[in-house]
Each structure stands twice: as structure tokens, then as C-alpha cells.
Amino acid sequence: MKKYLLTLTAMLAMTLGVFAQAEIEFEEETHDYGQLKQHGDASTEFKFTNTGNEPLIIANAKGSCGCTVPEWPREPIAPGASSVIKVKYDSKRVGPINKSVTITSNAGAAPTKVIRIKGNIQAAPKTDDAAMPVKQPSMAPAAQ
């Protein structure tokens, strides 16, 4: 009987241990900037919640290239609490964008999660040389 109770208790403890985990749930996993101006503000925030029952720890967040820079909370996120991952894209490049940020955490069901940014960067207007003031030659006599 003791062995049976001990086995049952051990199985129950292992089962409960499986259910004790952090989970990360994002409000949106893709942010569409739409049309952006070159050199404009291409920053956004991805709000998430720890829907698990253990603290969520984000170990790393890595952009798919050097032009996509994430900033994430370094402290554990308590169960039920929310926070944000900030993503900034370097908008000096012109054309369509489709970049990702890979998040590594202790979330039980999905320890690796990918969020995305997309949009189109429109070129800044060129300066018109005709509108630039022309420097007039000086009428002073040349130095000899």
C-alpha cells in the first residue's frame, strides 16, 4: 500500500510539474507599417502577456538583420503580467520590408517565437538644385 501511495504521489507531482510553465501570448505577431517615409520613425511595440503560471524569462530577441533592432525586458514577467518588446527598423533603406525578430524564452509550449514587421519605405523627396541659392562671384579685386 505504501508503494502504491508513493508511486501515485510521484506521478501526481510529475504531472503537476508538467503544467507549471510560463507561456507567451502576443496581441499581434505581425506589425504592418504600411507606407513610411525614408528616414522616418519605424518603431513599434509588440505587447505580450505571460499566460502561464510560472515567471516568463526572455533570454534573447534577435533581429533577422542589423537593420531590425529589438529591445526586450530583462526581468522576469510574472504570471498574468504584460510587457512589450520594442522593435526599431532603420528606415534609411528604400523599398518593401519584411523582417523578423526571433524570441527565445522559457515558455513551455513554444520556447522560440517569431514576430514580424512589414511595410514599404518610400524615398525621401530629392532636393531641387534649381531651388538652391546660387553663390554669386565676388566683385572684389583679386589679391595680387
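Quick summary incoming for the structure in this document. (Residues numbered from 1 in each chain as written. Predicted model: local features only at pLDDT ≥ 70, side-chain atom pairs only at ≥ 80, totals over all residues. Heavy atoms only, no water.)

### Description of the state of the cysteines
By definition, a disulfide links the sulfur atoms of two cysteine residues through a covalent bond. This model, assessed by the stated rule, comprises 1 disulfide. At a sulfur-sulfur separation of 2.3 Å, the disulfide partner of Cys-65 is Cys-67. Taking the sign of the S-S torsion, -60° for the link of Cys-65 and Cys-67, the bridge is left-handed. (Disulfide = S-S within 2.5 Å.)

### As for the side chain of Ser-83
Take Ser-83: it is sitting in strand 6 (residues 82–89). For Ser-83, a relative accessible area of 19% translates into the label buried. (Helix = DSSP H or I, 4+ residues; strand = E, 2+ residues; numbered from the N terminus. Buried < 20%, exposed > 50% of the residue type's maximum accessible area, 1.4 Å probe, protein only.)

### Observations regarding the pattern of salt bridges
Here the structure, examined in full by the defined rule, presents 4 salt bridges. Between Lys-92 and Asp-90 there is a salt bridge, and its shortest N-O distance comes to 3.9 Å. Here Arg-93 ties to Asp-90 by a salt bridge, and the two come within 3.2 Å at their closest N and O atoms. A network of salt bridges, in which partner residues are shared, links Asp-90, Lys-92 and Arg-93. (Salt bridge = Lys/Arg side-chain N within 4 Å of Asp/Glu carboxyl O.)

### Digging into the pairing of strand 5 (residues 68–71)
In strand 5, alternate side chains face the same way, and those of Thr-68 and Pro-70 are buried while those of Val-69 and Glu-71 on the opposite face are not. Of the strand pairs in this sheet, strand 5 and strand 6 are connected by 4 bridges, and their pairing is antiparallel. Looking across to strand 6, one finds that Pro-70 is bridged to Val-87. (Pairing = 2+ DSSP bridges.)

### Quick notes on unusual backbone geometry
For His-39, which is not glycine, the phi torsion reads 70° and is therefore positive. Structurally, His-39 can be placed in the loop between strand 2 (30–37) and strand 3 (43–50). By relative accessible area, His-39 is classed as exposed at 56%.

### Some details on the nonpolar core
In this structure, Phe-26, Phe-48, Ile-85, Ile-103 and Ile-115 are the most contacted members of the largest nonpolar core, which totals 24 residues. For this core, the elements supplying multiple residues, two or more each, are strand 1 (24–26), strand 2, strand 3, strand 4 (58–63), strand 6, strand 7 (95–105) and strand 8 (112–122). Ignoring sequence-local partners within four residues, the contact set of Phe-26 consists of Phe-46, Lys-47, Phe-48, Ile-85, Ile-103, Lys-113 and Ile-115. (Core = buried A, V, L, I, M, F, W, Y, C linked by side-chain atoms within 4.5 Å. Contact = heavy atoms within 4.5 Å.)

### What to know about the sheet that holds strand 5
Taken in spatial order, the 4 strands of this open sheet run 1-3-6-5, and their pairing is antiparallel. The open sheet has two free edges, formed respectively by strand 1 and strand 5, since each of these has just one partner strand. In this sheet, adjacent strand axes meet at a mean angle of 30° when their direction is disregarded. (Axes fitted to C-alpha atoms, helices over the stretch in contact; angles between N-to-C directions.)

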